[in-house]
Amino acid sequence: MDRKLSRPFILFGGDYNPDQWDDETIDQDIEVFKKTKINTVTLPVFSWAKLEPSEGIYNFEWLDHILDKLDEAGLSYFLATPTSAQPAWLSRKYPEVLPVDIAGRKRTHGMRVFFCVNSDKFRERAAIIAGKMAERYKDRPGLIGWHVANEYGTYCYCENCQKKFRSWLKERYKTLDELNLRWHTCFWGKTLYDFEEVVVPTELNDDYRFNPAVQLDYMRFITDSTIECYENEAKILKAATPTLPVFTNISGYIKKLDQSKMVSHMDTAGWDNYPWPTDERSFPAMKHDIMRALKGGESYYVMEQSPNQQNWQPYNKLKKPGEVRRLAYQGLAHGSDSSLYFQMRQSVAGQEKFHGAVISHSGRTDTRIIREFTELGGELEKLGDQFICGKADSRIGIVFDWNNWWALELCSGPSKDMDYLREVHRYYKHFYYNNYSVDFLIQDVDYSKYKVIVAPMLYMMKEGIAEKLREFTRNGGILIGTYMTGYADENDRCIYGAYPGPLKDVFGIWVEETDALYQDEYNQIHEIDDDSCSYKCSFLCDLIHTESANTLAVYERDFYAGLPAVTVNSFGNGKAYYIATAPDYEYLDKLINRILVDEKVEPVMKSSGEIEIVKRIKDGDEYIFAINHGNERGIIYIGDNHYKNLLTEDQVTGTIDISAGDVMVMKKGIDK
Ligand code: GLA
Ligand code: ZN
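**Concerning the sheet that holds strand S5 (residues 246-247)**
Taken in spatial order, the 6 strands line up as S5-S4-S3-S2-S1-S8 in an open sheet, and their pairing is parallel. With partners counted over all chains shown, the strands left at the sheet margins are S5 and strand S8 (338-341), one partner each. Both strand S1 (residues 11-15) and S8 contribute to a ladder of 4 bridges, which runs parallel. Bridge pairing in S8 places Phe-12 opposite Ser-339.

Dropping the structure here:
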C-alpha cells in the first residue's frame, strides 16, 4: 500500500458512536469537532444489530445520514465493520457463533468481541455485512480506510475449534509420529494414536498444568484462525477500495495474539493505548516502539486512547492537566501518524458510561478536556503533514517475539513471576531514560545496522535466530543476553547440552543451575574490581561457569557467593555480555551506559529533568520531540545545531529550558 495516500494531516479524533444519539446531538458533536479541530472519526464499530436488525434485512439509512453530515463537514473517517458485536438474533439463531471459554463453558450472548473466530456461520454473515458496507460506502469522500471489527483476541475452545485445531496440526506436522515427537507426549503417557484424540487445552483437561507445547500450538492456532477471520472481511474491503488501508486496532493487552503475524496481513498497524496511571512513562513508549516494529519501522496509527479517566480500572484517575497532550506527542514521537481517542461523546448508560470522553455527560464545551483538545487540535493542525510517515533512526535493537513470550510464561518453573514484557522493559528503560532510540527487532529484519542488540530472556531458539545473533556479534556487534536464554526449540523442547544452548560459545559461558528468588528476596552483586559498591539483584540467579568469558561482577550471598553474575566474552570482532540475574536499575544503568560510550552510540540529545527526547526523520529532515513529563522545568542540551520549535516558531540552539509539562517539536536547520 502506498502510505502517501493518507490524508496530509495528523489524524485527530477517534471512536464515534452516534447510533446512540438523536440528530440534534449529532449536530452539536460536529460543532465540537470543528471547534477542537477534530478531523477524523471511526464508526460504526459496534452497530451490527442496528445495521442488520434481522437476518438479511438491512438498515443503512441512519448511517448514510450521519456520513452525509460528516462529509458535509469535511471530516475524514475510518469505517469499521461492526462485526465485533454480533446481533442477538445471530447468537440465538446460530448458537455456534458463541464461544466456549477455557473452563469449557458455553458462553451466552451479551458481550462484544465474543464470538468463535472459527465459526463458519459467523464468517458468512460477517462477510455479507462487510460486503454491503464496502459496496455502499466505497466512494464516500470522507472514507480514509477500513477498521475491521475491534480488538480481536477471543480464545474459543468449542468442538468446532477442536476439529479445526486437529486439521491445523495435521497440516503443520503431517504425521502423528511427528506430533508425538514435537509435543513429547511420551511424558505422562499422553501418546496419541489418532488425530481425533487431540483435545483443546481447556482447564477441564488440566491435570496440574496442560502440556505447554499443546498450549503454545493452540495460541498459534488461534492467531491463525483470527487472521482468517480478519481476512474474510478484509479481502472484500480491499477489493472494493484497493488504495485504502485495511487493518484493525490491536488491544493494549498485546500478548493474546501474535501481533507480528496478524499485522503482516494488514496494510498498517493500529493500536489502542490505555496506560495505567501507575505505569512508568517508559512503558507506553516501549509499546509504541513495538508497534512501530510490526511493519518493519513504518509509521502506524494510535486508534484509541482515553481523553480522560478510564472506568474499568479499580481506581480511575483523571488525566492531569496537559497529560492528554503529552501522551499524544509521545505517540507521534515514536512513530504514530494519528492521535485518536475513545470516545467522542460519553455514553449515557451501559458498561462504559463513566469512561472519559471528549464531550462529557454535561454536554458542555467549557470543560477542561475540551479546552485541552482545542489547544491540541490547533497545534496538530499547524504541524500538518511534516513528519507523517517519518521513521526512527536507531542503532540499538531489542529482540522481541510473541512465541518466546508465550512459551516463557507457559513454563512451570523456575519462577511464577515470569513476565516477559516486564523483563524487556527492564532493559528498554535504560535506553529510554537516556534518550537513546530503540528499534524492536521482531520479524526477520536485518541486524547489520545495529551496534547493540539486547535479547532479554530469549528462551526460544527459533530457526535461524542463533545464527543471526552469532553473525551480528562476529561482525563487531555488542550482544546483551540474560538468564532464560537458549532453552528450547519452537515446540518448547529443551535443548540438551547446557543453556544458553546454541549461544554458549558466543557468550563463552554455560549455565549449570538457576535459583528463583522470592518476591521480597534479593541477592547482591559487586564488580570484581570494585567491591566497595554492592547492587541488589532479584528474580532469578543463574549459576554459571565461564569458559572463554571474563567475569565483570559476582554474587555476594548464598552458597553461590563469588560465582559470576555478569560476564563479557569477545567473539569475532564483537562482544557478548551475559547478565545472569536481574540487577537493580543503578547497576544496569552503569553497565549499559559504559557499553554505549565504548561503542560511541549517541543519544538523540542530552537532557536533564524528566524529559523524553525522540527523533523522527522524514525525507532527510530531522524532527525532535521533547516532552517534559515532570513537574519541574528541564534542560535540553542542543549543542551547536539549530532547530526551529514548530509549536512556537522560535529558533533554538545551545542549552535551552523546557517548562514543566511542556512539549516541543523541533525541526533541524535554520529557518530562512
Ligand atoms: C477498548 C475498546 C473500546 C472501548 C475502550 C475503552 O480499547 O476498543 O471499544 O471499550 O477500550 O474501554
Ligand atoms: Zn470455537
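**Examining the domain arrangement of the protein chain**
When cut into domains, the protein chain gives domain 1 (11-153 + 227-383), domain 2 (396-598) and domain 3 (606-668). Across the domain 1 to domain 3 interface the summed buried area is about 1,400 Å²; carbon plus sulfur atoms make up 57%. The interface formed by domain 1 and domain 3 holds 3 salt bridges in total. Residues Arg-616 and Asp-337 are paired through a salt bridge, measuring 2.8 Å at the closest nitrogen-oxygen approach. Scanning the region where domain 1 abuts domain 3 turns up 9 residue pairs in polar contact (both at pLDDT 80 or more). In terms of residues, the side of domain 1 that touches domain 3 owes the most to one element, helix H11 (residues 323-334), which gives 7 residues. Of the residues assigned to the side of domain 1 that touches domain 3, the class counts are 5 nonpolar, 5 polar and 6 charged.

**Comments concerning the environment of Ser-548**
Relative to the helices and strands, Ser-548 resides in the loop between strand S15 (530-546) and strand S16 (550-555). Separated by 520 residues in the primary sequence, Ser-548 and Gln-28 place their C-alpha atoms 71 Å from one another. Apart from residues lying up to four places away in sequence, Ser-548 is in contact with Asp-505, Gly-508 and Asn-569. A polar contact is formed between the side chain of Ser-548 and the side chain of Asn-569, at a distance of 2.9 Å.

**Points about the coordination of the zinc ion (ligand 2)**
Each pair of donors in an ideal four-coordinate tetrahedral metal site encloses 109.5 degrees, whereas pairs in an ideal six-coordinate octahedral site enclose 90 or 180 degrees. Only Cys-116 (SG), Cys-156 (SG), Cys-158 (SG) and Cys-161 (SG) from the protein reach the zinc ion (ligand 2) as donors, at distances of 2.2 to 2.3 Å. In this structure, the zinc ion (ligand 2) is surrounded by 4 donor atoms whose angles at the metal cover 98 to 113°, and the resulting shape is tetrahedral. In the primary structure, the donors to the zinc ion (ligand 2) are separated according to the pattern C-x39-C-x1-C-x2-C. For the pair formed by Cys-156 and Cys-161, the shared burial category is buried.

**Describing the site of ligand 1**
What surrounds ligand 1 is the set Phe-46, Arg-112, Asn-150, Glu-151, Asp-272, Tyr-274, Glu-304, Trp-312, Phe-342, Glu-352 and His-355. At a separation of 2.8 Å, an oxygen atom of ligand 1 approaches a polar side-chain atom of Arg-112. Here an oxygen atom of ligand 1 sits 2.7 Å away from a polar atom, N or O, in the side chain of Glu-304. Relative to its unbound accessible surface of 300 Å², ligand 1 loses 96% to contact with the protein.

**Points about a nonpolar patch on the surface**
Taken together, the side chains of Tyr-253, Trp-276 and Trp-312 present a nonpolar region at the surface, about 320 Å² in accessible area. When you line up the elements, Trp-276 lands in the loop between strand S6 (270-272) and helix H10 (282-293). A relative accessible area of 31% means that Trp-276 is categorised as partly exposed.

Reading the values: rules and limits
Residues numbered from 1 in each chain as written. Chains lettered and ligands numbered in written order. Predicted model: local features only at pLDDT ≥ 70, side-chain atom pairs only at ≥ 80, totals over all residues. Heavy atoms only, no water. Pairing = 2+ DSSP bridges. Helix = DSSP H or I, 4+ residues; strand = E, 2+ residues; numbered from the N terminus. Domains from an automatic or database assignment. Buried area = accessible area lost by both parts, 1.4 Å probe. Salt bridge = Lys/Arg side-chain N within 4 Å of Asp/Glu carboxyl O. Polar contact = N/O pair within 3.5 Å; in protein donor to acceptor, adjacent residues only side chain to side chain. Nonpolar A, V, L, I, M, F, W, Y, C, P; charged D, E, K, R; others polar. Contact = heavy atoms within 4.5 Å. Donors = N, O, S within 2.8 Å, 3.2 Å for Na, K, Ca; no water. Tetrahedral: all angles 85-135°; square planar, octahedral: opposite > 155°, others 65-115°. Buried < 20%, exposed > 50% of the residue type's maximum accessible area, 1.4 Å probe, protein only. Near = heavy atom within 4 Å. Areas by Shrake-Rupley, 256 points an atom, 1.4 Å probe, with all protein chains shown as cover. Patch = residues over 30% accessible without salt bridge, like charges linked within 9 Å, V, L, I, M, F, W, Y side chains within 5 Å.

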